[in-house]
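Listed below are the residues making up each chain.
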Amino acid sequence: MLPLQAELQKQFPSVHVLDFPGHGGKDFPLELFSIPFFAESVLKWMDENQFQQINIFGYSMGGMVALYMAKHFPDRVGKIITLGTKMEWDHFIAADMARMIDAEKIAVKAPILAGALLELHQPNDWKEVLHRTTELFLNLGSEPALLPADFSAIKHEVLLLLGDMDRMVTPEETNEAKGRLQNSTFELLTETPHPIEQTDPIRMAKIASAFFQK
């Protein structure tokens with residue numbers, strides 16, 4: 001997120017990047033990873049920094065946290081951009097997602113990715129981050145953070161972004177979320193995979209700036 005932050009700071013005076021608890025070297029919480037818990041962590045950060053309301057660019061799981069906040073704490077959220085956010089969850093989807101982030105397989109078959117995760121989350125054990133995220137996925141499979149009626153209740157302006165090369169999120173589920181949200185648009189980004197570090201921060205900042213300024 002840091003390259004995107006640097007680009008956005010050319011347009012906006014106040015741009016902040018947040019790591020959820022247990023991510024980016026932050027201490028692991030006693031609580032399980034969950035969308036409500038991460039939403040509470042954002043609200044706590046807002047209170048500590050005296051922000052009554054913020055616009056949110058939520059990447060992947062961060063987009064679901066932003067939408068959860070819009071549903072349950074609507075006065076604390078302004079405009080929302082989601083990028084590569086998984087909108088549809090059930091037991092089978094959760095199991096598939098859990099297999100995609102199997103730490104032991106990544107260590108053996110994707111050592112470059114494993115090294116990047118090690119650097120990103122140190123001094124925490126990156127495998128523990130993925131194990132806890134797997135639990136989050138499986139819990140979402142049995143109890144989604146947002147139900148269809150919850151999406152329909154969100155009145156905030158939302159821009160749903162998805163890369164056309166994203167292997168974790170489908171255009172169909174994102175477009176379905178667009179149909180439920182009262183005030184949203186969906187944009188499919190060409191030549192864009194899921195990992196945000198493989199996206200073009202200049203392009204992403206232009207999209208975000210136009211949306212937040214209109």
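Residues numbered from 1 in each chain as written. Predicted model: local features only at pLDDT ≥ 70, side-chain atom pairs only at ≥ 80, totals over all residues. Heavy atoms only, no water.

**As for the pattern of salt bridges**
On inspection of all chains with the given rule, the structure shows ten salt bridges. Between Lys86 and Glu173 there is a salt bridge whose closest N-O contact spans 2.8 Å. Of the two residues, Lys86 is situated in the loop between strand S2 (77-83) and helix H4 (91-100) and Glu173 in helix H9 (residues 171-180); the sequence distance between them amounts to 87 residues. A salt bridge links Arg99 to Asp96; the nearest nitrogen and oxygen atoms lie 2.2 Å apart. Taken together, the residues span about one helical turn, with Arg99 and Asp96 both in helix H4 at a distance of three residues. (Salt bridge = Lys/Arg side-chain N within 4 Å of Asp/Glu carboxyl O. Helix = DSSP H or I, 4+ residues; strand = E, 2+ residues; numbered from the N terminus.)

**Side note on a nonpolar patch on the surface**
On the surface, a nonpolar cluster with roughly 250 Å² of combined accessible area is contributed by Met1, Leu2 and Val17. Within the fold, Val17 resides in the loop between helix H1 (2-8) and helix H2 (35-48). For Val17, a relative accessible area of 33% puts it in the partly exposed group. (Patch = residues over 30% accessible without salt bridge, like charges linked within 9 Å, V, L, I, M, F, W, Y side chains within 5 Å. Areas by Shrake-Rupley, 256 points an atom, 1.4 Å probe, with all protein chains shown as cover. Buried < 20%, exposed > 50% of the residue type's maximum accessible area, 1.4 Å probe, protein only.)

**Quick word on the pairing of strand S1 (residues 54-59)**
Across five bridges, the pairing between S1 and S2 is parallel. Note that in S2 the partner of Phe57 across the bridge is Ile81. Once the chain exits S1 it traverses helix H3 (residues 61-72) before rejoining the sheet at S2, and the crossover so formed is right-handed. (Pairing = 2+ DSSP bridges. Right-handed = clockwise from strand over helix to strand, strands pointing away.)

**Topic: the pairing of strand S3 (residues 158-163)**
Counting buried positions along S3 gives six out of six residues, so the element sits mostly inside the fold. Side chains Val158, Leu160 and Leu162 of S3 all project onto a buried face; the interleaved residues Leu159, Leu161 and Gly163 project onto the opposite face, where all are buried too. Taken together, the six bridges between S3 and strand S4 (residues 184-189) define a ladder with parallel strand orientation. What sits directly across from Val158, in S4, is Ser184. Remark: the S3/H9/S4 crossover connection has right-handed handedness.

**Re the packing of helix H6 (residues 111-121) against helix H7 (residues 126-142)**
It is the contact of H6 with H7, at a shortest axis distance of 8 Å, that shows an interaxial angle of 95 degrees. The pairing of H6 with H7 is recorded here as roughly perpendicular in orientation. Between H6 and H7, the residues in contact are Ala114, Leu117, Leu118 and His121 and Trp126, Val129 and Leu130, respectively. Along the lines of polarity and charge, the residues of the contact of H6 with H7 split into six nonpolar, one polar and no charged. (Axes fitted to C-alpha atoms, helices over the stretch in contact; angles between N-to-C directions. Parallel < 35°, antiparallel > 145°, perpendicular 65-115°, else oblique. Contact = heavy atoms within 4.5 Å. Nonpolar A, V, L, I, M, F, W, Y, C, P; charged D, E, K, R; others polar.)

**Observations regarding the packing of aromatic side chains**
Each aromatic ring pair is characterised by the separation of its centres together with the angle its planes make. All chains considered together, the criterion is met by seven aromatic pairs. Both rings, one in Phe20 and one in Phe38, keep their centres 4.5 Å apart while their planes meet at 15 degrees; by these two values the pair is stacked. In this pair, Phe20 sits in the loop between H1 and H2 while Phe38 sits in helix H2, placing the two residues 18 residues apart along the sequence. When its relative accessible area of 15% is taken as the criterion, Phe20 is described as buried. Considering the side-chain rings of Phe37 and Phe38, the 5.9 Å spacing of their centres and the 45 degrees angle between planes classify their relative orientation as tilted. Taken as a pair, Phe37 and Phe38 share a single burial class, namely buried. In this arrangement the basic side chain of Lys79 is found over the ring face of Phe211, its NZ or CZ atom lying 5.4 Å from the centre. (Phe/Tyr/Trp six-rings, centres within 6.5 Å; stacked < 30°, edge-to-face > 60°. Lys NZ or Arg CZ within 6 Å of the ring centre and 35° of its normal.)

**Notes on the sheet that holds S1**
Strand order across the open sheet formed by four strands is S1-S2-S3-S4, with parallel pairing between neighbours. Two strands close off the open sheet at either side, each with one partner strand: S1 and S4. Strand-to-strand twist in this sheet, taken as the mean axis angle between neighbours without regard to direction, amounts to 15 degrees. As defined by bridge partners, S2 adjoins S3 across four bridges and the pair is classed as parallel.

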